[in-house]
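# Reading the structure
Each chain, letter by letter, is given below.
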Amino acid sequence: MVRLIGRRAAIHGLALAGVGACLVPAQGRARQSVSTGPASAGGSYVSFLAGVRSQAVGMGIAPDIAAEALALTREPNAKVLKLDRHQPEFTLTWAQYRARVISQGKIDAGRAALAANGTALSAVESRAGVDRQPVMGIWGLESFYGRLTGSFNVVDALATLAYDGRRSAFFRAELLKALKILNERRIIPAGMTGSYAGAMGQPQFMPSAYLQYAKAFDGSARADIWKTVPDVMMSIANYLARCGWRSGEPWGQEIQVPDSLAQGDLGREHTRTLAAWMQAGVKRLDGTPFTRADIEGAVLRPDGPGGQAFMVYHNFGVIRRYNPSDYYALGVGLMGNLTI
């Protein structure tokens, strides 16, 4: 059966939901699904903002910072609500998704970004213990190497979604974390921009992810994931390191799989040694045997018999902690390989 993917995952990285915590993904997803009823039911937007301001100050956020940030949102942002509520749905096969997210223009942009930042990236690899391929791949898919980061003010977007009520608990928590970041003087309120859902900067971190994983290249406390490329790369690498990246190990590789191999025997949950896979007729892309028969991996064939197939390893799962989609992780892995 051909696996289909929805629009949100298909264009992830072009101002969508953003990256949360890798260590508690199930909890993060559960929080996003909470619906407590419209926050507007209890009063006006002005009174809602007053409540947020009071809560923020009670958490130790400076009154002037809270006031300056919340002054950037005076009414619910209609464009944010439209994007959140009315995302047209369609499906993509893996082949369609790959063609959409891995363009020659993006590959060229990635190679140019690497050429301009190679020295810093080498230092990031050494310090974080994370290979450059996934860093470049994530940077490319999330923001086209900084070209597409979102132009919404994060406070305005998060306040709008917190007031709207569909996922008010989640977005209110993210709004308060955004105010905490501002309180640490890491960025000015007007400069905190991102997607309509509050995903920030070139790595598209949600505020909660920023507080946990953003890391400045120079060791300072203020990571600039909006404009400072070494900070962007270091923050992505730190995220992957904290999620268990194994340096020097591949994420996966394209392979040959017999069409006769049942689709039900494939997938991330079906791991075997490469020796066992070879007995089932699986080979490297060039038709030769795998060199390490003892390594365990899983076979993905997203579009079914006749489509591309991949052997994926531990680091593939780490990429999925950034965005839990097989398509996304394959896209990151391939984009990273093509860029380096």
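This structure is a prediction, so every number in the text was calculated from the model and none was measured. Every residue gets a number counted from 1 within its own chain, in the order that chain's sequence is written. The predicted nature of this model means local features are confined to residues of pLDDT at least 70 and side-chain atom pairs, given and counted, to a pLDDT of 80 or more, with totals for whole chains, interfaces and linings taken over all residues. Note: side-chain values were computed over all heavy atoms of the structure, leaving out hydrogens and water.

### Brief notes about the overall build of the protein chain
Going by this rule: Only DSSP runs of H or I with at least four residues qualify as helices, and only runs of E with at least two residues qualify as strands; both kinds are numbered from the N terminus onward. Throughout this description, buried means an accessible area under 20% of the type-specific maximum (1.4 Å probe, protein chains only), exposed means over 50%, and partly exposed covers the range between. Residue exposure ignores everything except the shown protein chains as possible cover, and the areas themselves are Shrake-Rupley values with a 1.4 Å probe.
When helices and strands are tallied, the protein chain shows 15 helices and nine strands. The buried share among the 340 residues of the protein chain stands at 50%. For the protein chain, the exposed surface amounts to about 14400 Å²; the carbon and sulfur share of it is 53%.

### A look at the pattern of salt bridges
Heads up, the rule is: The term salt bridge refers to a side-chain nitrogen of Lys or Arg lying within 4 Å of a carboxyl oxygen of Asp or Glu.
Overall, the coordinates contain nine salt bridges when judged by the stated rule. We note a salt bridge from R268 to D326, for which the minimum N-O separation is 2.8 Å. Here R268 is found in the loop between β5 (252-256) and β6 (271-273), whereas its partner D326 is found in helix α15 (residues 326-339), with 58 residues between them in sequence. Judged by relative accessible area, which is 11%, D326 ranks as buried. For D326, the salt bridge identified is with R320, shortest N-O distance 2.8 Å. Judged by relative accessible area, R320 falls into the buried class, the value being 16%. In this structure, a network of salt bridges that share partners links the residues D84, R166 and R167.

### Some thoughts on the packing of aromatic side chains
Defined as follows: Side-chain rings of Phe, Tyr and Trp (the six-membered ring for Trp) are treated as a pair once their centres are within 6.5 Å; stacked means planes under 30 degrees apart, edge-to-face means over 60, and tilted covers the remaining angles. For a Lys NZ or an Arg CZ to count as sitting over a ring, it must be within 6 Å of the ring centre and within 35 degrees of the ring normal.
In the structure shown here, the tally under the stated rule is 16 aromatic pairs. In this structure an aromatic cluster arises from ring pairing among W94, Y97, W251, F310, F316 and Y327. Geometry around F217 places R127 over its ring, the cationic atom sitting 4.3 Å from the centre. Cation over ring: R272 sits above W277, and NZ or CZ is 4.3 Å from the ring centre.

### Examining the packing of helix α3 (residues 45-58) against helix α4 (residues 63-70)
Between two packed helices, the angle of one axis relative to the other and the distance separating the axes together describe the packing. As a reminder of what qualifies: Between the N-to-C directions of two axes lies an angle of 0 to 180 degrees, each axis being a line fitted to C-alpha atoms and, for a helix, fitted only over the stretch in contact. Here is the rule for angles: anything less than 35 degrees is roughly parallel, anything more than 145 is roughly antiparallel, 65 through 115 is roughly perpendicular, and the remaining ranges are oblique. Here a crossing is taken to be left-handed if its near helix is turned anticlockwise relative to the far helix by less than a right angle, and right-handed if that turn runs clockwise. Contact between two residues is taken to exist if any of their heavy atoms lie within 4.5 Å; hydrogens are not considered. Charged residues are taken to be Asp, Glu, Lys and Arg, nonpolar residues to be Ala, Val, Leu, Ile, Met, Phe, Trp, Tyr, Cys and Pro, and polar residues to be all remaining types, Gly included.
Where α3 contacts α4, the axes come no closer than 9 Å and their chain directions differ by 150°. Considered as vectors, α3 and α4 are oriented roughly antiparallel to each other. When the axes of α3 and α4 are compared, the crossing they make is right-handed. Between α3 and α4, the contacting residues are L49, V52, R53 and V57 on the first element and P63, A66, A67 and L70 on the second. Residues of the contact of α3 with α4, tallied by class, amount to seven nonpolar, no polar and one charged.

### Focus: the environment of G129
By the secondary structure assignment, G129 is in the loop between α7 (104-128) and α8 (132-143). Among residues more than four places away in sequence, those in contact with G129 are V124, W245 and S247.

### Overview of helix α9 (residues 154-164)
For the record, the criterion: Polar contact is defined as a pair of N or O atoms within 3.5 Å, subject to the rule that within protein one atom must be able to donate a hydrogen and the other to accept it, and that residues adjacent in sequence are counted only when both atoms are side-chain atoms.
The buried count for α9 comes to eleven of eleven residues, which makes it a mostly enclosed element. Of the positions making up α9, those classed as buried are V154, V155, D156, A157, L158, A159, T160, L161, A162, Y163 and D164. Of the residues that open α9, the one with a side-chain oxygen 3.1 Å from the backbone nitrogen of V155 is N153. Trailing α9 by a residue or two, G165 shows a phi angle of about 100°, which is positive.

### Brief notes about the nonpolar core
Rules: Here, nonpolar core refers to any group of buried Ala, Val, Leu, Ile, Met, Phe, Trp, Tyr and Cys residues whose side-chain atoms link them within 4.5 Å.
Ranked by internal contacts, the top residues of the largest apolar core, which has 92 residues, are W139, M192, F205, Y210 and W251. Residues in contact with M192, not counting those within four places in the same chain, are F152, N153, V154, A178, I181, L182, I187, M200 and W226. Core analysis: the second largest hydrophobic core is formed by twelve residues, V257, V282, M311 and Y313 among them.

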